[in-house]
Amino acid sequence: MSKKKSKKKKQKKNYSTIEQHARQGKQLIPPFMQIPNLKFNSWVNDRLPELLWAVLLISHLDRERAIAIFRKAIKYWYNASVSSPKDLTHTALGELGSEQLREFLDFLCADPNVKTVLRPLCLLNDLPGKEQWQGAINNEASIEHWDDIALAVGKSLNNQSQEATDCRWVRVYYQIVIGKLKLPSEELVKEIIYYPNFGNMRKVRPSIRALEMGLNMIEEESSQWSKQFWDQCLNDTPCRDWVTSKKGEITKTGTTLEIIKGTKEELIKHCDNTRITTAVDAKHDAVFGIALYCLSILEELLRVGNSTSVVGRLGLRTLVECYITLAYLYKKDDPELWLTYRNYGAGQAKLTFLKLDQMETKPEYVDVETLQILAGEDLWQEFVNINLGHWENSNLRKMSEEAGVKSEYDKYYSWTSGYIHGQWGAVRDTVFQTCSNPLHRLHRIPCEKHNELNDVIADAALLMDKVLESVHKMYPDFLKRVKI
Ligand SMILES: [Zn+2]
């Protein structure tokens, strides 16, 4: 899949890069949020329900016809002798006097097709000016009409879809017609007036969206009606699962159990062959120890189901941490530092032992006696210091920079850490799915069986090979690799 993506012609990105963010203390602020006093107003949450009449028309009628109706509606207010509404939103229309609104709606619904398409509006309990809408539509709506609303809303949920852009154009055009919106160039005015038949649409459509968004920044409050609309949608329509299937996606194997076993045997042999003392050899133990630890993790990842599980991500995260640690130790290659790495581990064993030893109820997953042995293996426990910080007074990111392996850190560390820490992104990715009812704004609902996550083996095998490469650099020759 990644290959397919990289083959694609590079498209213009519609998001801000990291460089385009401004750093403020420990936060990276996107360009939009750098504008002072910006009002939050979302298309889906606030503005779409306000244009529901237009959303229905554009989705259920032929496009040209719907646009012609929009023009007619706007022209109506241009020619009206009474004062026009401040917008063509449901709320603004609802603020009109009841007679004024009814007259407009009768005009709009003079076309029987419009009447039919707008009929689902009668389902909505809190629709502003509901009585007038119902009077003009002059028909009851039934529960099946929810489907018509769902279809229309579904087409407009994406604020850049053609349907959404057409509806957003209605607001912009209206503001120009009533003289509230002045545009900087005649060209732009023409593009709006003759939309969608004048100018380059690839430029005009984004202009419309930007202008329409700008209209909201001067609006004072978020819409009460929109909230009522979404609340009713949740109460009156059910959640829907997506029918999805990952079938047909072929995951690259990465490595096999047989290769891991063979590599392990050779690594143990190589460890024995390169041992030169029975005294503490912090470097030798660390290099082979970390490599064998990584191989064990990779072996566990290959057990059925693990590679696509949450735990698979935890395994990958440990592999990258091991690799960065080893790369850092190799880069420094300082006998004191190899010892620091080792002694830190002994100190941690001692600290945990001392804490657990005082507890009446001890946890099951660890044997306290083993901890004591580990703590005192190299040196009598009473001589072992406990380091309460990071073993190298650093952090993994800095270490990866110093070791020249920052790209592995960026690729594998942050996102997998999210799984370790139970951060929202990981939680969202694992146990929730998106409800496919458009009337529920693509909200999240729990899945019965947690989502199958991407397979980690190919990446894990790649990191494993980097670890083995480190072994080879420090204790040549070790040429066996696991990735296929
Ligand atoms: Zn739902």
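All of these numbers come straight from a predicted model, not from anything done at the bench.

How each quantity is defined
Residues numbered from 1 in each chain as written. Predicted model: local features only at pLDDT ≥ 70, side-chain atom pairs only at ≥ 80, totals over all residues. Heavy atoms only, no water. Patch = residues over 30% accessible without salt bridge, like charges linked within 9 Å, V, L, I, M, F, W, Y side chains within 5 Å. Areas by Shrake-Rupley, 256 points an atom, 1.4 Å probe, with all protein chains shown as cover. Salt bridge = Lys/Arg side-chain N within 4 Å of Asp/Glu carboxyl O. Helix = DSSP H or I, 4+ residues; strand = E, 2+ residues; numbered from the N terminus. Domains from an automatic or database assignment. Contact = heavy atoms within 4.5 Å. Buried area = accessible area lost by both parts, 1.4 Å probe. Polar contact = N/O pair within 3.5 Å; in protein donor to acceptor, adjacent residues only side chain to side chain. Donors = N, O, S within 2.8 Å, 3.2 Å for Na, K, Ca; no water. Buried < 20%, exposed > 50% of the residue type's maximum accessible area, 1.4 Å probe, protein only. Expected span 1.5 Å × (residues − 1). Core = buried A, V, L, I, M, F, W, Y, C linked by side-chain atoms within 4.5 Å. Phe/Tyr/Trp six-rings, centres within 6.5 Å; stacked < 30°, edge-to-face > 60°. Lys NZ or Arg CZ within 6 Å of the ring centre and 35° of its normal.

**Concerning a nonpolar patch on the surface**
Reasoning step 1: Where nonpolar side chains cluster on the molecular surface, the patch consists of Leu 354, Ile 386 and Leu 388 and spans about 280 Å² of accessible area.
Reasoning step 2: Relative to the helices and strands, Ile 386 is located in the loop between helix 18 (368-375) and helix 19 (396-402).

**Quick notes on unusual backbone geometry**
Reasoning step 1: A cis geometry characterises the amide bond from Tyr 195 onward to Pro 196, with omega recorded as 0 degrees.
Reasoning step 2: By the element assignment, Pro 196 lies in the loop between helix 11 (186-193) and helix 12 (201-217).
Reasoning step 3: Geometrically, the link from Pro 476 to Asp 477 is a cis peptide bond, its omega value of -10 degrees lying close to zero.
Reasoning step 4: Examined against the element boundaries, Asp 477 turns out to sit in the segment after helix 23 (457-474).

**Section: the domain arrangement of the chain**
Reasoning step 1: Here the chain is described as being made up of domain 1 (43-236) and domain 2 (257-474).
Reasoning step 2: Summarising the inter-unit geometry, the C-alpha centres of domain 1 and domain 2 are found 56 Å apart.
Reasoning step 3: Of the residues lining the interface, 12 residues belong to domain 1; the matching set on domain 2 comes to six residues.
Reasoning step 4: Each partner contributes to the roughly 760 Å² buried at the junction of domain 1 and domain 2, and carbon and sulfur atoms together form 76% of this total.
Reasoning step 5: Inspection of the region where domain 1 meets domain 2 yields zero salt bridges.
Reasoning step 6: Summed over the shared surface of domain 1 and domain 2, the result is two residue pairs in polar contact (both at pLDDT 80 or more).
Reasoning step 7: Listing elements by their share of the side of domain 1 that touches domain 2, those giving two or more residues are helix 2 (43-47), helix 9 (145-156) and helix 13 (224-236).

**As for the coordination of the zinc ion**
Reasoning step 1: Distances from the zinc ion to its protein donors, namely Cys 239 (SG), Cys 435 (SG), His 440 (ND1) and His 443 (NE2), fall within the range 2.1 to 2.4 Å.
Reasoning step 2: Note on Cys 435: relative accessible area 0%, which makes it buried.

**A short note on the environment of Ser 223**
Reasoning step 1: Within the secondary structure layout, Ser 223 lies in the loop between helix 12 and helix 13.
Reasoning step 2: Here the alpha-carbon distance between Ser 223 and Asn 41, two residues 182 residues apart in the chain, equals 9.2 Å.
Reasoning step 3: With residues near it in sequence (within four places) discarded, Ser 223 still touches Asp 46, Glu 50 and Thr 91.

**Remarks on the pattern of salt bridges**
Reasoning step 1: On inspection of all chains with the given rule, the structure shows 20 salt bridges.
Reasoning step 2: Residue Arg 342 is joined to Asp 285 by a salt bridge in which the shortest nitrogen-to-oxygen separation is 3.0 Å. With Arg 342 in helix 17 (residues 335-357) and Asp 285 in helix 15 (residues 282-301), the pair connects residues that are 57 residues apart, well separated along the chain.

**Description of helix 4 (residues 63-79)**
Reasoning step 1: Here helix 4 is 17 residues long and its end C-alpha atoms lie 24 Å apart, about the 24 Å a rise of 1.5 Å per residue gives.
Reasoning step 2: Taken residue by residue, helix 4 has Ala 66, Ile 67, Ile 69, Phe 70, Ala 73, Ile 74, Tyr 76 and Trp 77 as its buried positions.
Reasoning step 3: On its buried face, helix 4 is in contact with helix 3 (52-60), helix 6 (98-108), helix 7 (112-118) and helix 10 (162-177).

**So, the nonpolar core**
Reasoning step 1: If you look at the biggest cluster of nonpolar residues, it comprises 69 residues, and the most contacted ones within it are Trp 53, Phe 70, Leu 118, Leu 121, Trp 133, Ile 149 and Phe 229.
Reasoning step 2: Dropping the residues within four chain positions of it, Leu 118 is found in contact with Trp 53, Leu 56, Leu 57, Leu 108, Cys 109, Trp 133 and Ile 137.
Reasoning step 3: Core analysis: the second largest hydrophobic core is formed by 48 residues, Ile 259, Leu 298, Ala 327 and Val 467 among them.

**Comments concerning the packing of aromatic side chains**
Reasoning step 1: Summed over the entire model, instances satisfying the criterion amount to 16 aromatic pairs.
Reasoning step 2: On the basis of an interplanar angle of 25 degrees and a centroid distance of 5.1 Å, the ring pair of Trp 169 and Tyr 173 is categorised as stacked. Residue Trp 169 and its partner Tyr 173 are located together in helix 10, separated by four residues, close to a single helical turn.
Reasoning step 3: Relative to Tyr 413, the ring of Tyr 409 has its centre 4.7 Å away and its plane inclined at 20 degrees; by these criteria the two rings are stacked. Each of the two residues, Tyr 409 as well as Tyr 413, counts as buried.
Reasoning step 4: An aromatic cluster is built from Tyr 76, Trp 77, Phe 104 and Phe 107, whose rings are joined through pairwise contacts.
Reasoning step 5: Above the face of the Phe 107 ring, Lys 72 is positioned so that its terminal group lies 5.5 Å from the ring centre.
Reasoning step 6: Its guanidinium or amino end placed over the ring of Tyr 475, Lys 283 lies 5.8 Å from that ring's centre, counting from NZ or CZ.

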